[in-house]
Protein chains: 2
Amino acid sequence: MLGTMQHWPLLCTKILDHAALQHGGRPIVSRSCEGPIHHTTYADLRARALRAAQRLDRHGIRLGDRCATLAWNTWRHLEVWYGLLGIGAVYHTVNPRLFPDQIAWIINDAADRLLFVDLTFLPIVEKIAAALPTVERIVVLTDAAHMPATSLANAVAYEDWLAEADGDFAWRAFDENTAAGMCYTSGTTGHPKGVVYSHRSNVLHAWMAATPDMMGIGAADVVMPVVPMFHANCWSLAFTAPLTGAGLVLPGGRLDGAAVHEMLEAYGVTFTAAVPTVWLMLLQHLEATGGNLTSLKRVVIGGSACPRAITEKFLKRYGVEVRHAWGMTEMSPLGTICTPKPETRPADDEAWLDLQVKQGSPPFGVEMKITDDEDRPLPHDGKTFGRLKVRGPAVAESYFKGTGAESFDAEHWFDTGDVATIDPYGYMQITDRAKDVIKSGGEWISSIDLENLAVGHPDVAEAAVIGIAHPKWDERPLLVVVPRKDREPSKESILGFMEGKIARWWMPDDVVVVPEIPHTATGKIQKTTLREQFRDYRFPGTS
Amino acid sequence: MLGTMQHWPLLCTKILDHAALQHGGRPIVSRSCEGPIHHTTYADLRARALRAAQRLDRHGIRLGDRCATLAWNTWRHLEVWYGLLGIGAVYHTVNPRLFPDQIAWIINDAADRLLFVDLTFLPIVEKIAAALPTVERIVVLTDAAHMPATSLANAVAYEDWLAEADGDFAWRAFDENTAAGMCYTSGTTGHPKGVVYSHRSNVLHAWMAATPDMMGIGAADVVMPVVPMFHANCWSLAFTAPLTGAGLVLPGGRLDGAAVHEMLEAYGVTFTAAVPTVWLMLLQHLEATGGNLTSLKRVVIGGSACPRAITEKFLKRYGVEVRHAWGMTEMSPLGTICTPKPETRPADDEAWLDLQVKQGSPPFGVEMKITDDEDRPLPHDGKTFGRLKVRGPAVAESYFKGTGAESFDAEHWFDTGDVATIDPYGYMQITDRAKDVIKSGGEWISSIDLENLAVGHPDVAEAAVIGIAHPKWDERPLLVVVPRKDREPSKESILGFMEGKIARWWMPDDVVVVPEIPHTATGKIQKTTLREQFRDYRFPGTS
């Protein structure tokens, strides 16, 4: 027996319809790529998104067709998303920070038919256009007056292209499991893998994100997604803000401390979200200028672990609540947010700041467990760490074209590739990447914990820990350090510094001082290369 | 092309799984029907619900089977809900305040196989048991020690019945559109009609309800649903509280001011919800005893229009925020909640209290429009009123067995039977029931507005307005009043009091003073009977 409730498919455009009708005059403020600040509203954005949908349809873009965007957060980028969504086509955000040949590979893998590009990124496209056989037209997100000379024969200014439609159009209807958006994960090995969000997953995820203990966004909020729309589905904010009727402030391409501060203050932002680096830049800017945060209430920080010092500075100096978050492109991306529960909120702010270094607990809609290598569940004691696996309606069950199948098991658990602890209250803390953890005598040692400890030594600038094969223990940790300028730390001094601060069997078997450690394009330590460099290394006394 | 996201069916038991894992120790406090206060947790409630599911399965209850409950809000009632949900059976809440023959009719229409009943309502069941051929067993929600002597041969104490299962059981899996719960609407005409909630509608509705501008419930809240579980799906609180990890306080069968106050204060309730009558009783109790509300922050008031005086008293005397709400059994039930938007929140509390007499605006997931009798949409100007129609994933698209089909159109709009205005900010205000509105010369006159005005006259105790056929205007309003004790208001005095306060053409054509006005079992004015009484009435000067 089925319920007698309506078949009301969960389509992303219904979110924009709701915002336009119930919160039609709410402002959307953008820093344009041309320079000036641009103002619009949900009602006007919807009208232009309908024109975009009509124009896409007229081009022949059909259900399931992918179109790429290489763009900052602006109203035009948002219009393109909703225009594509309105005809069942797929917004495919491409990260412009990737190397040009990676960008080309991704666009070709997705077989994108159109490419929407900001003025900023036009030079990249000019470089790779010849290698993009599926791209039929390049739409530059500007108007005729700002359209630059370009070598691209098939380029058109967005405003000219859009003007060819009159907006007399209605959203198309289709199944809620239809593809909505696409984002490639940049793995450290192999080709990037495409994650394909559905309308359903985006809508469910937006509801999850809106709830009080997750992002807690309401109509009185003004939301600034500093996190780019090309980063992990914009952390849901392109959907959660209109779903709740919150105003939007879109920072365009200027993410330095001064520019972010200007937008926060000028437009009364109450809620923002981005990676720790952005907030470090903002806090440095505020310190240098004596600036303040007069409207901001909450900031969600994720993408990588948020240092306690940032959380503390926001809270104590500026009265802003930090919500430490963790997620993945494969999870739409929200996994956990660290907000207090009655049992976990100490009266003492210091104790709560200590707890906030954890990534937090999941909302309803995200299932989470830690397992050992044989997939046996591990206890939630806050100490035992294991492979972090997740499940839920906004979690991927495969990648585009079926690549990366080894990450998914028969019961739909997705192996995040992270290693984590979960405490009795459900708070998860990432301790390592699974491929970086050191497996010593059947037990695991966190490379990140050792690195964090080693960089506390006054003469150490950077540290990386890798596992080296060991005849008895299987693997043992090797600590590789880069000294601070004009310092020469000794092995003994470093080990002496670490001793007593970690379990005895976690102590590195050796320390090697090197002039530099290899990094990825996004600044992370490239452990695959490091392991390659130390392929023939053996610990003293082992063969 | 479909998304690559997981098929994770939206099942109600996943909400309880989440609460047990992430908020397992959160308290659930109940006033038992036996008297004492009972304490449990989400983790323990889940364990017992699993036993209930296993016991139901052992009885032979199968997917889609209905089981009735005649019970107050207690932990046992909640266990039974989740037990039934866990095997795909249907919790069918029956309102014990109905007449016994109505109760029997509803149970027979639903063909309930089991009947779970509180001690309080056992006498009703004893009276009607012989007329319930589908009911195989009656489970009395108590333990052996409190099991009374009963004429029912097939009755068993719940705790004995439950003890026959050991809890070694797993929730069954099925389609998310499977029937989950059932509630009959008590229309003023014809037989009651069954609304069948699905797992999907309950889950989506719980997310909607949790968002900040709707109920805004988080893990730090302690939620007391004073609204009974048998009233309109418990306003979602049996799902929203565990979804968010909020604690629960269940008031059992004592809903008087003193009992409600005791629970609010003793268990740190922060959020509660019920009809205006309950809050009137509480406020009177507080006034009489000088009591206070030390933990309560928000109270949702719906079921009928909330008078400004209640909202004002809560805010000014006790510092409690009232959220005026409107919904229907057919809507799971949430339709609108009156919370401020940046454009609508005046700095002045008085102006905001004035605005709060409106029922508010809908969340994402509830579409709403007003139309004239020809289904033409009417403007959202806050003045024009029309038939209120709604649509959404938690709105019914039919009734059980296909009755009442005239309320649903081809585009899934459900005609609520209410007449309302919608203002430019999306705030809806109920002005009348569609069948009570007076249609005069093609325009509508709100009977409720006239009644509210008339009872302001110092000599009028109660007022009802009905439409009387008129040769020129089709219908004109007749005002029927009951005088206050020992008063004799004249027609002239009443009309003189009303004059200038409403449009001239809204003025009643006549006033009739009567000793009493007929009421329904739930205390509402029975306008059908009143219209019957005045069937032969003609206005002075008309034939």
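Here's a quick rundown of the structure. Please read these numbers as outputs of a predicted model, since none were measured by experiment.

How each quantity is defined
- Residues numbered from 1 in each chain as written.
- Chains lettered and ligands numbered in written order.
- Predicted model: local features only at pLDDT ≥ 70, side-chain atom pairs only at ≥ 80, totals over all residues.
- Heavy atoms only, no water.
- Helix = DSSP H or I, 4+ residues; strand = E, 2+ residues; numbered from the N terminus.
- Rg over C-alpha atoms; globule rule 2.2 N^0.38 Å.
- Buried < 20%, exposed > 50% of the residue type's maximum accessible area, 1.4 Å probe, protein only.
- Contact = heavy atoms within 4.5 Å.
- Areas by Shrake-Rupley, 256 points an atom, 1.4 Å probe, with all protein chains shown as cover.
- Lys, Arg positive; Asp, Glu negative; His and termini not counted.
- Charge placed at Lys NZ, Arg CZ, Asp CG, Glu CD.
- Least-squares fit on C-alpha atoms with pLDDT ≥ 70 in both.
- Salt bridge = Lys/Arg side-chain N within 4 Å of Asp/Glu carboxyl O.
- Pairing = 2+ DSSP bridges.
- Axes fitted to C-alpha atoms, helices over the stretch in contact; angles between N-to-C directions.
- Polar contact = N/O pair within 3.5 Å; in protein donor to acceptor, adjacent residues only side chain to side chain.
- Buried area = accessible area lost by both parts, 1.4 Å probe.
- Nonpolar A, V, L, I, M, F, W, Y, C, P; charged D, E, K, R; others polar.
- Parallel < 35°, antiparallel > 145°, perpendicular 65-115°, else oblique.
- Left-handed = near helix turned anticlockwise from the far one by under 90°.
- Disulfide = S-S within 2.5 Å.

**Side note on the overall build of chain A**
Then, number 1: Summing up its helical and strand segments, chain A has 15 helices and 24 strands in all.
Then, number 2: Computed over the C-alpha atoms, the radius of gyration of chain A is 24 Å, within 12% of the 24 Å expected from 2.2 N^0.38 for a compact globule of 543 residues.
Then, number 3: Taking the principal axes of the C-alpha coordinates as reference, chain A spans close to 75 × 65 × 55 Å.
Then, number 4: The buried share of chain A, taken over its 543 residues, is 61%.
Then, number 5: For chain A, contacts bridging at least 24 residues in sequence account for 67% of all contacts bridging at least 6.
Then, number 6: Total accessible area on chain A stands at roughly 19,900 Å², and carbon and sulfur atoms take up 52% of it.
Then, number 7: Each charge sign in chain A was given a centre, from 52 positive and 65 negative side chains, and these centres are 1 Å apart.

**A word on the relation of the copies chain A and chain B**
Then, number 1: Superposing chain A onto chain B takes a rotation of 180° plus a shift of 0.0 Å along the axis, which leaves an RMSD of 0.1 Å. With respect to symmetry, the two chain copies, as superposed, fit the operation of a two-fold axis. Considering only C-alpha atoms, the residue of chain A closest to the rotation axis is A:Thr211, which sits at 2.3 Å.

**Quick notes on the pattern of salt bridges**
Residue and element names in this part refer to chain A.
Then, number 1: On inspection of all chains with the given rule, the structure shows 84 salt bridges over all chains.
Then, number 2: Between Glu350 and Lys316 there is a salt bridge; the shortest N-O distance is 2.2 Å. Of the two residues, Glu350 sits in helix H12 (residues 349-355) while Lys316 sits in helix H11 (residues 308-318), which places them 34 residues apart along the sequence.
Then, number 3: Judged by its relative accessible area of 46%, Lys316 falls in the partly exposed class.
Then, number 4: Ionic pairing is found between Arg323 and Glu321, a salt bridge with its closest N-O pair at 2.9 Å.
Then, number 5: A relative accessible area of 28% means that Glu321 is categorised as partly exposed.
Then, number 6: Connected through salt bridges with shared partners, the residues Glu34, Arg48, Arg76, Glu79 and Glu159 form a single ionic network.

**Observations concerning the sheet that holds strand S15 (residues 334-337) of chain B**
Residue and element names in this part refer to chain B.
Then, number 1: Judged by pairing direction, the sheet is mixed, and its eight strands sit side by side in the order S2-S1-S11-S10-S12-S13-S14-S15 without closing on themselves. The sheet is open, and its two borders are formed by strand S2 (37-41) and S15, each paired with just one other strand. Going across the sheet, the axis of each strand differs from the next one's by a mean of 20°, ignoring polarity.
Then, number 2: In the sheet, strand S10 (residues 222-225) pairs with strand S11 (residues 247-250) via two bridges, with the strands oriented parallel.

**Quick word on the side chain of B:Ser361**
Then, number 1: Here B:Ser361 lies in the loop between helix H12 (349-355) and strand S16 (367-371).
Then, number 2: For B:Ser361, the side chain forms a polar contact with the side chain of B:Lys341, separated by 3.4 Å.
Then, number 3: Those residues in contact with B:Ser361 that lie beyond four places of it in its chain are A:Gln22, B:Met214, B:Thr336, B:Ile337, B:Lys341, B:Gly426 and B:Tyr427.

**Focus on the pairing of strand S17 (residues 386-391) of chain B**
Residues and elements named next belong to chain B.
Then, number 1: Across the six residues that make up S17, a large majority, six, are buried.
Then, number 2: Pairing of S16 with S17, which is carried by five bridges, proceeds in the antiparallel orientation. The partner of Lys369 across the bridge, within S17, is Lys389.
Then, number 3: Across four bridges, the pairing between S17 and strand S18 (residues 414-422) is antiparallel. In the sheet register, Lys389 faces S18, and the bridge partner there is Asp415.

**Regarding the interface of chain A and chain B**
Then, number 1: The partner chain B presents 69 residues to the 68 residues of chain A that form the contact.
Then, number 2: It is A:Met1, A:Gln6 and A:Phe364 that lose the most area in chain A upon contact with chain B, and together they represent 18% of the buried surface on that side.
Then, number 3: A:Arg26 is the salt-bridge partner of B:Glu343, the closest N and O atoms lying 2.7 Å from each other.
Then, number 4: Taken together, chain A and chain B are joined by 33 residue pairs in polar contact (both at pLDDT 80 or more).
Then, number 5: Looking at the side of chain A that touches chain B, the elements with two or more residues in it are helix H1 (12-22), strand S9 (193-198), helix H7 (199-210), helix H8 (237-244) and strand S17 (386-391) of chain A.
Then, number 6: Looking at the side of chain A that touches chain B, the element that brings in the most residues is H7(A), giving seven residues.
Then, number 7: When its residues are assigned to classes, the side of chain A that touches chain B shows 33 nonpolar, 23 polar and 12 charged.

**Let's talk about unusual backbone geometry**
Then, number 1: In this model, A:Ser332 is joined to A:Pro333 through a cis peptide bond whose omega is 10°.
Then, number 2: Looking at the element boundaries, A:Pro333 is found in the loop between strand S14 (321-327) and strand S15 (334-337).
Then, number 3: Even without being a glycine, A:Asp375 presents a positive backbone phi close to 70°.
Then, number 4: The topology assignment puts A:Asp375 in the loop between strand S16 (367-371) and S17.
Then, number 5: Taking relative accessible area as the criterion, A:Asp375 reaches 31% and is therefore assigned partly exposed.
Then, number 6: One non-glycine residue with positive phi stands out, namely B:Ala111, at about 55°.

**Quick word on the packing of helix H10 (residues 276-289) of chain B against helix H11 (residues 308-318) of chain B**
Residue and element names in this part refer to chain B.
Then, number 1: Axis separation between H10 and H11 bottoms out at 11 Å; the angle between their running directions is 40°. Taken together, H10 and H11 sit at an angle that is classed as oblique. When you trace H10 past H11, the crossing you get is left-handed. Residues Pro276, Trp279, Leu280, Leu282, Leu283, Leu286 and Glu287 of H10 form the contact with H11, whose participating residues are Ile310, Lys313, Phe314 and Tyr318.

**So, the state of the cysteines**
Then, number 1: For the structure shown, the criterion picks out zero disulfides over all chains.
Then, number 2: You can see A:Cys33 has no disulfide; the closest cysteine sulfur is in A:Cys234, sitting 15 Å from it.
Then, number 3: Classification of A:Cys33 by relative accessible area gives partly exposed; the value is 25%.
Then, number 4: B:Cys338 carries a free sulfur, and the closest cysteine sulfur to it, the one in B:Cys306, is 10 Å from it.

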